[in-house]
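# Fold and geometry: a report
Each chain, written out:
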Amino acid sequence: MNPDIVKERKNATFDVEKLTFILDGGPEKTRRRREIESLVFSDPDFKEEDPNFLSRSERYDQAVRKSVQMILKLREYGIADPEEIYHYKSMVKGNNQEPLGLHFAMFIPFLHSQCDHHQKKKWLPLAESYRVVGTYAQTEMGHGTHLRGLETTATYDPATQEFVLNSPTVSSIKWWPGGLGKTSNHAIVLAQLYTLGNCHGLHAFIVPIRDINTHLPLPGIVVGDIGPKFGFNEVDNGFLKLENVRIPRENMLMKYAKVEPHGTYVQPPSTKLTYGTMVFIRSMIVAESARALAKSSTIAIRYSAVRHQSEIRAGEPEPQILDYQTQQYKLFPLLATAYAFTFVGQYMRQTYHRITEDINQGDFSEMPELHALSAGLKAFTSWEATSAIEVCRMSCGGHGYSRSSALPDIYVEFTPACTYEGENTVMMLQTARYLVKSYKQVKAGQQLSGIVSYLNEADVRRVQPQPVAARPTVVDINDLTSLTEVYKLRAAILVELAAKSIQKELQSRKSQEDAWNNSAIDLVRASDAHCHYVVVKLFTGKLGEVTDTAVHSVLSTLALLYTLYGITRNSGDFLQAGLLSVPQVMQISIRIKELLAQLRPNAVALVDAFDINDKKLNSVLGRYDGNVYEHMFEWARKSPLNATEVHESFHKYLKPLRSKL
């Protein structure tokens, strides 16, 4: 064990295990999580070659093998709880993805949520026995987030009671679905439904794409892999072109919308019910943002504790780089963000399950809020996490650039979250649409419930941006309740400003669409402020559940750092609205420095509390024992370029060069 890392852990002021229990949701969940991890990490069937030293085809092959082993092991161990299954899979795949990911995350959940009773009886046993291996084909080459713009067609033929599916243009070719290229034999395809000469918008269809026995593409199916990407090297993201592909009427998912045998269309109770699985994935991305940032901050902080560099005082030993205030300022706010997002992820999971249960009982009243909240928080957390991972990488200096650090892999595997399941700017605008609608409801005299209920308050609605001198503020920068109120006011003001921007555009005789587009910057700012308020509110609220004094103290410090750091990054909003004064913002900058020093003794203990197994972290820089350099050298020697002392290129090119000069 590296002596620096030992010293750091001795400096901790709280019980790490107690904080781990809070992050996991209780001691029993921690115990069970560790038990599942040990099942994976002690299993020789999951032993693998380092993917960094394999070709893409080899990485795909290895990932498929591991996925198959995982399926068999889950059956063998009788692991059936969805959260435990998710955790087992997460341990198996490590920092990389898996070709069967969408089969588990979208294909089967979509069957559960969109099949009627008879369809479930047919398709779920096939999917759960893996005779049918599926993916979710929504995105097209020319359209992704703008779902109404999708061009794939499904035209009903009453004579044969079949749907005829087509990709009418090059831009309508399905593009990007994971597992589509080589792995899946079925796809849930989203297509524009045409029946009796009318278009009824997007609906979902189960489309066989490969023969179940030979795995060859079926007639009318053109399918393949889209090629290398920024990351996701294990996944066969694919393309799908449909040429007059006929499927039975029963292959349209008909829990809500239906097409009768003679072609009559039966409308669903809500047009948004088709998108329930996407909402689920967006909610999951919030928790994934927290996990990616927890891994990255663990690596960067542990490495910063054992790396010695330069001098603070001439002639003295090189200090740990974690002692530099600039390093603390880079990393500690990101550590606080990882904790904040963890608690938000817990909230989103609970909220999703609660509202989904209501929907199953026929209550759709909270669905718009769930859609808006999951869209906004998906964007807010994935944007923050992506930029934070890169800060962690750069804070590790040159060694962070090596894939042995795991930080490059964490980045390239996570950053697609900013674009899949909805491009983030569009997601923010979807949330803004809900916020503006809610604001108008309040102006019309309605009372709001849920997370936007803060717009009900009359004093909030009357707030206008104005000089600080015109409206004195009373804000205690050390009181989280007071600061949460300031975030709430900021959100309310920016929602109002966005709504008024639209109104002003309309008064200038702009169309509704142009007014919206000309106010888009204000709308995104409003959504960002709303999401930021929600995160601060939930982080502060979580403190009320913590009973251990020492743990409460360190979490309160983290929450205060997260909240104050957010103010400094958005100080213009708070100053322009008159919510804070210039002297207060300057005081906040001073207070942040004090909080950095306060957190310094607990930094390593706080990342230890995430309890990320070394095999899961897979980083020479972030090892629990801190023995970085020995393992970096060991890792480098495994490079295939070191298989021979003299590479063949020397004899082929370099040596002959001598005789030609």
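What comes next is a walk through the structure. Because the structure is a prediction, the values reported are computed rather than measured.

## Some remarks on the overall build of the protein chain
From N to C terminus, the protein chain includes 23 helices and eleven strands. Here the C-alpha atoms of the protein chain give a radius of gyration of 27 Å, agreeing with the 26 Å that 2.2 N^0.38 yields for 661 residues. In the protein chain, which comprises 661 residues, the share counted as buried stands at 53%. When the accessible surface of the protein chain is split by element, carbon and sulfur atoms take 54% of a total near 29,500 Å².

## Some thoughts on helix 11 (residues 407-414)
Burial of helix 11 is extensive: seven of the eight residues sit out of reach of the surface. All buried positions along helix 11 are accounted for by Leu407, Pro408, Asp409, Ile410, Val412, Glu413 and Phe414.

## Points about the pairing of strand 5 (residues 186-195)
In terms of burial, strand 5 is a largely internal element, nine of the ten residues being buried. Direction of pairing for strand 1 (residues 134-137) relative to strand 5: parallel, over a ladder of four bridges. Looking at strand 5, one finds that Ala137 is bridged to Val189. As paired strands, strand 2 (residues 153-157) and strand 5 are joined by three bridges and run parallel to one another. Paired with Ala154 across the strands is Leu193, a residue of strand 5. Taken together, the nine bridges between strand 5 and strand 6 (residues 198-208) define a ladder with antiparallel strand orientation. Across the sheet, Ala187 pairs through a bridge with Val207, a residue of strand 6. Counted along the chain from strand 5 to the antiparallel partner strand 6, the turn is two residues long, and its residue Leu196 has a positive phi close to 50°.

## Some details on unusual backbone geometry
The backbone of Phe232 sits at a positive phi, close to 50°, despite the residue not being glycine. Position of Phe232 among the secondary structure elements: in the loop between strand 7 (221-225) and strand 8 (238-242). Of note, the phi angle at Asp611 is positive, near 55°, even though the residue is not glycine. Checked against the element boundaries, Asp611 lands in the loop between helix 20 (603-608) and helix 21 (614-617). Given the relative accessible area of 21%, Asp611 is considered partly exposed.

## Regarding the packing of helix 14 (residues 480-507) against helix 17 (residues 549-569)
The interhelical angle for the contact between helix 14 and helix 17, taken along N-to-C directions, is 30°, at an axis separation of 11 Å. With respect to their mutual orientation, helix 14 and helix 17 come out roughly parallel. Relative to helix 17, helix 14 is oriented so that their crossing is left-handed. In this structure, helix 14 contributes Leu480, Leu483 and Tyr487 to the contact, and helix 17 contributes Ser556, Ala559, Leu560, Tyr562, Thr563, Leu564, Gly566 and Ile567. Class assignment of the residues belonging to the contact of helix 14 with helix 17 gives a composition of eight nonpolar, three polar and no charged.

## Topic: the pattern of salt bridges
As enumerated under the stated definition, the model contains 41 salt bridges in all. Between Arg525 and Asp573 there is a salt bridge whose closest N-O contact spans 2.6 Å. Taken together, the positions of Arg525 in helix 16 (residues 520-543) and Asp573 in helix 18 (residues 571-576) put the pair 48 residues apart, joining distant regions of the chain. Since its relative accessible area comes to 32%, Arg525 is described here as partly exposed. Between Asp625 and Arg623 there is a salt bridge, and its shortest N-O distance comes to 2.9 Å. A single salt-bridge network, built from bridges that share partners, covers Glu17, Asp24, Arg33, Arg34, Glu37 and Asp611.

## Focus: the state of the cysteines
A complete count under the given rule lists zero disulfides for this structure. Considering cysteine sulfurs only, Cys531 is the nearest to Cys418, which forms no disulfide, with 14 Å between them. On the basis of relative accessibility, which here comes to 10%, the residue Cys418 falls in the buried class.

## Quick word on helix 5 (residues 82-93)
The end-to-end C-alpha distance of helix 5 is 17 Å, a good match for the 16 Å that twelve residues give at a rise of 1.5 Å each. By the burial criterion, the buried members of helix 5 are Glu84, Ile85, His87, Tyr88, Lys89, Ser90, Met91 and Val92. In this structure, the buried side of helix 5 is in contact with helix 3 (27-41), helix 4 (56-77), helix 6 (101-114) and helix 21. Between the side-chain oxygen of the N-cap and the backbone nitrogen of Glu83 there are 3.1 Å, and the N-cap of helix 5 in question is Asp81. Positive phi shows up at Gly94, right after helix 5, with a value of about 65°.

Thresholds applied
Residues numbered from 1 in each chain as written. Predicted model: local features only at pLDDT ≥ 70, side-chain atom pairs only at ≥ 80, totals over all residues. Heavy atoms only, no water. Helix = DSSP H or I, 4+ residues; strand = E, 2+ residues; numbered from the N terminus. Rg over C-alpha atoms; globule rule 2.2 N^0.38 Å. Buried < 20%, exposed > 50% of the residue type's maximum accessible area, 1.4 Å probe, protein only. Areas by Shrake-Rupley, 256 points an atom, 1.4 Å probe, with all protein chains shown as cover. Pairing = 2+ DSSP bridges. Axes fitted to C-alpha atoms, helices over the stretch in contact; angles between N-to-C directions. Parallel < 35°, antiparallel > 145°, perpendicular 65-115°, else oblique. Left-handed = near helix turned anticlockwise from the far one by under 90°. Contact = heavy atoms within 4.5 Å. Nonpolar A, V, L, I, M, F, W, Y, C, P; charged D, E, K, R; others polar. Salt bridge = Lys/Arg side-chain N within 4 Å of Asp/Glu carboxyl O. Disulfide = S-S within 2.5 Å. Expected span 1.5 Å × (residues − 1). Polar contact = N/O pair within 3.5 Å; in protein donor to acceptor, adjacent residues only side chain to side chain.

Everything listed here is a matter of geometry and, on its own, says nothing about what the molecule does.
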